[in-house]
Structures are given as structure tokens and as C-alpha cells.
Amino acid sequence: MNINELVKRYIVLLVLAVVSAEMVDAQFDPQIGQYMYLPTAYNPAAAGEGDLMKVAGLHRMQYVDIANAPMSTYFSFTSPFVIGKTKHGAGVRFLNDKYGLFTNQTLHVQYAYRQRLGKGYLSAGVDLGFVNVGFKGDSVNLDEFEGTGYHTSSDEVIPKGSKSGMGFDMGVGLYYSTNKWWVGASYSHAVSTKIVWDEYTELKGLRGTMYVAGGYHYRFKHHKEWQLQPSAMVMTDFRSWDANLTLMCDYKDRYRWGVGYRIAGSVNLLVNVDIISGLSLGYSCELPTNKLLLESYGTHEIYLAYGFDILKPKRTNKYKSVRYL
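Bear in mind the structure is a predicted one, so any value in this text is a computation, not a measurement. (Residues numbered from 1 in each chain as written. Predicted model: local features only at pLDDT ≥ 70, side-chain atom pairs only at ≥ 80, totals over all residues. Heavy atoms only, no water.)

**Student:** An account of the overall build of the chain is requested, with residue identities and associated values reported.
**Tutor:** A tally of helices and strands in the chain yields one helix and 18 strands. Of the roughly 18600 Å² that the chain leaves accessible, carbon and sulfur atoms contribute 61%. (Helix = DSSP H or I, 4+ residues; strand = E, 2+ residues; numbered from the N terminus. Areas by Shrake-Rupley, 256 points an atom, 1.4 Å probe, with all protein chains shown as cover.)

Structure follows, in C-alpha cells:
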């Protein structure tokens, strides 16, 4: 048996172990390399940050050229608004995530209350919505295991068709930002939700993930058109953890490029540009530092966002007739 056949059999056995369990408990939130540009993907308190109404999308293709590799699409819409003298933020986010024979689709509404604190704003936010998890059981081919003792074709636990289930989901977060730096902390899947596929299989208690992220904008004193923008994000489900370290260079508040490193084992190359006022385009290429580099073309992300100011005071012009001066 060669190494490729061995890997395929381990993958099949892993899938069987997951779908035949009565309870599935795992972290399945996808990770993104351009986290600094899409904070509402993991922290609801960032909704309305920066006083811009913003539409953003990100598409992530992980381990290109490997069959059934993860693929994720994010979409978010956020907007600030004012009630009296208080500031708030609201938004909607959508995720369509595919990995192997599994799918994960989520739809959330977000709200954040913003309070002036020092030189910036402190926000507290909540994320409310639904998560739908599916499995393509009709795509599993186990004929080669027939008669080996691992299963029988009449095993009722093995899904014979596509399965899906929906459950309530909730997340919370805090976010503080100034003109020079930002920091946030959030927790996803704060409420234990139960997703039932059938009488044999259910997902109970989706494991939450804690995110802590922050960044700084350093503008050179004698070359003010240049900035360094370091940032970092640490995530953990309290069983395992990972971290992203990123350093971006900004020129004239329009052109950005940089490099990132993921502790789990990858190097990320990033570029971002403001095409026109309010319209940003970003791209990243993440290359694994392990043997996966020989089996795939890396992980690629495309980011597109458009933001515009809705809180700018309206200009009013008053005229007086020269007759009454």
C-alpha cells in the first residue's frame, strides 16, 4: 500500500468516526489571513467602527489542488448610526464554508454600543443568528471497506444521503480603537447549540472560540507618507490554539503590502490597495511550511470592500439678501 492510499484510508476512517458519533464537538470556525481588514468576521463589537457604512467580502481557497480542500466565503454589511448623543453600530454577516464533505453556513445580525473613552471608542457587541451544518453522505464511497469488518452496507449510522441541521448561535465581543491602535476580544458560539441530523447523529455543544486581536499604526516622523502596521491575532478553543503575526507597510494611505506568519505552520504574503476613494482590493497567498507545500499551490484569499461616510454633517448654505443687510 503506497502513502497516498494510506492517507485516503485514514481520511475515510476519520469521516466515519465523526459522522457515526452521537455527539460531535469540534472547532470549525475557518481562519482568515486578512483578519485585520474584516474584524466583524470574528468580533461583533467592530460593527460600525470607523464611522463608515461598509460592504465587504472575502473568498478563501485553502490548499488549492487538493480534492475537497476547505473553501470559505464571507460577506458582511455594517453601518454606524446615532441615537440622540449615543453612537451605535449594526451589521449582518454571512459565511458559506465547505470542507471535505461538510458544509457550514451561518447568518448573523450584529449590534454594538460605542462609548467614547480617552482618545478612542470602546464598543461592546453581540452576534445573534443561526448555523446550518450539513454532510454529503451520498458522496461517501466505502465499497473498498466492504467485508473488512469496519462497517456493513446496512449500517444505519452511516448516512445514505445528504444531512443538514440548524441551530441557534450567539457570540459576544469587546473592541477599542483610536487613530493609532486597536484591540479586541471576542468569543464565538457562546451558547451551546444542538444540531440534529437524524436519530443517530447530532452535533451538540459546538465548541466556542476565543479571539484576541490587535494592531498599531506607526507613521514615520520625517516621512509621513509611510506607515508600518503590525498586527496579531490569537485564537483558541481551549483545547488547541493558533496565532497570526502580520506586518504591513502602508504608502500614502493607499498602497499596502506585507508578510504574515501563522504559528501552526505557514507564511502569508499580502497586498492591499485603495482603487478609488472607499473601494479597497486585497489579496493574500499563504504557503504552508510543512509537506503540504509539495501537495498544493497554497492558500489564496481575495478581499473586496467599499465604505462610505454617512455620519458626515450635511453642508448647509445660508444666504442673506443684500436688501436687508
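Now that the structure is up, let's keep going.
**Student:** Outline a nonpolar patch on the surface, supporting the account with residue identities and numerical values.
**Tutor:** A cluster of nonpolar side chains, contributed by Phe-75, Phe-77, Val-92, Phe-94, Leu-107, Val-109, Leu-128, Phe-130, Met-166 and Phe-168, occupies part of the molecular surface with about 880 Å² of accessible area. Within the residue set of the nonpolar patch, elements represented by two or more residues are β3 (71-83), β4 (86-99), β5 (102-117), β6 (120-136) and β7 (162-177). Residue placement: Phe-94 occurs in strand β4. The class of Phe-94 is partly exposed, set by a relative accessible area of 33%. (Patch = residues over 30% accessible without salt bridge, like charges linked within 9 Å, V, L, I, M, F, W, Y side chains within 5 Å. Salt bridge = Lys/Arg side-chain N within 4 Å of Asp/Glu carboxyl O. Buried < 20%, exposed > 50% of the residue type's maximum accessible area, 1.4 Å probe, protein only.)

**Student:** Before we move on, can you summarise the side chain of Arg-262 with the specific residues and values?
**Tutor:** Among the structural elements, Arg-262 can be located in strand β15 (residues 255-262). Looking at Arg-262, the relative accessible area reads 6%, which means it is buried. At 2.9 Å, the side chain of Arg-262 forms a polar contact with the side chain of Glu-286. For Arg-262, the contacting residues outside a window of four places in its chain are Gln-31, Ile-32, Gly-33, Arg-60, Met-235, Asp-242, Ala-243, Asn-244 and Glu-286. (Polar contact = N/O pair within 3.5 Å; in protein donor to acceptor, adjacent residues only side chain to side chain. Contact = heavy atoms within 4.5 Å.)

**Student:** So what about the nonpolar core? Which residues, and what values?
**Tutor:** The biggest cluster of nonpolar side chains holds 23 residues, and the ones touching the most others in it are Ile-32, Leu-38, Tyr-42, Tyr-74, Met-233 and Tyr-303. For this core, the secondary-structure elements that each account for two or more residues are β2 (52-61), β11 (209-216), β13 (226-236) and β18 (299-309). When neighbours within four sequence positions are excluded, Met-233 is seen to be in contact with Tyr-35, Tyr-42, Tyr-211, Val-212, Ala-213, Asp-242, Ala-243 and Asn-244. Counting residues in hydrophobic clusters, the runner-up holds nine residues, among them Leu-101, Val-133, Trp-197 and Leu-206. (Core = buried A, V, L, I, M, F, W, Y, C linked by side-chain atoms within 4.5 Å.)

**Student:** Outline the packing of aromatic side chains, listing residues and values.
**Tutor:** Within the structure shown, the criterion is met by twelve aromatic pairs. Seen in terms of ring centroids, Tyr-175 and Trp-182 are 6.1 Å apart; in terms of plane orientation they differ by 20°. Their pairing is stacked. Each member of the pair Tyr-175 and Trp-182 is classed as buried. Ring-pair connections join several aromatic residues into one group, and the members of that group are Tyr-99, Phe-102 and Phe-135. Arg-114 extends its terminal NZ or CZ atom over the ring of Tyr-121, reaching a point 4.7 Å from the ring centre. (Phe/Tyr/Trp six-rings, centres within 6.5 Å; stacked < 30°, edge-to-face > 60°. Lys NZ or Arg CZ within 6 Å of the ring centre and 35° of its normal.)

**Student:** Just give me the short version of the side chain of Glu-301, but keep the residues and values in it.
**Tutor:** Mapped onto the elements, Glu-301 comes out in strand β18. A polar side-chain atom of Glu-301 sits 2.7 Å from the main-chain amide nitrogen of Gly-33. Among residues more than four places away in sequence, those in contact with Glu-301 are Gln-31, Ile-32, Gly-33, Gln-34, Leu-58, His-59, Arg-60, Gly-282, Tyr-283 and Ser-284.

**Student:** Could you give an account of the pairing of strand β14 (residues 241-251), naming the residues involved and the relevant values?
**Tutor:** As defined by bridge partners, β13 adjoins β14 across eleven bridges and the pair is classed as antiparallel. Each residue of the ladder has a partner; that of Pro-230, found in β14, is Leu-247. In this antiparallel pair of consecutive strands, β13 and β14, the connection spans four residues, and Phe-238 shows a positive phi of 70°. Two strands pair when backbone bridges link them, and β14 and β15 are joined in this way by eight bridges, in the antiparallel orientation. When the sheet's bridge partners are listed, Tyr-251 is paired in β15 with Tyr-255. Linking β14 back to β15 in an antiparallel pair, the connection comprises three residues, with Lys-252 at a positive phi of about 60°. (Pairing = 2+ DSSP bridges.)

**Student:** Go over unusual backbone geometry, please, and point to the residues and values.
**Tutor:** Its identity is not glycine, yet Phe-238 carries a phi of approximately 70°, on the positive side. One can find Phe-238 in the loop between β13 and β14. With a relative accessible area of 56%, Phe-238 lands in the exposed category. The phi dihedral of Lys-252 falls on the positive side, at around 60°, and the residue is not glycine. Along the chain, the position of Lys-252 falls in the loop between β14 and β15.

**Student:** Give me the lowdown on the pattern of salt bridges, citing residues and values where you can.
**Tutor:** Using the criterion set out here, one finds eight salt bridges in the structure. The salt bridge involving Arg-60 is made with Glu-286; its shortest N-O contact spans 3.4 Å. Within this pair, whereas Arg-60 is found in strand β2, its partner Glu-286 is found in strand β17 (residues 279-288), the two being separated by 226 residues in sequence. Residue Glu-286 is classed as buried on the basis of its relative accessible area of 6%. Within this structure, Arg-60, Asp-242, Arg-262, Glu-286 and Glu-301 form a network of salt bridges that share partners.

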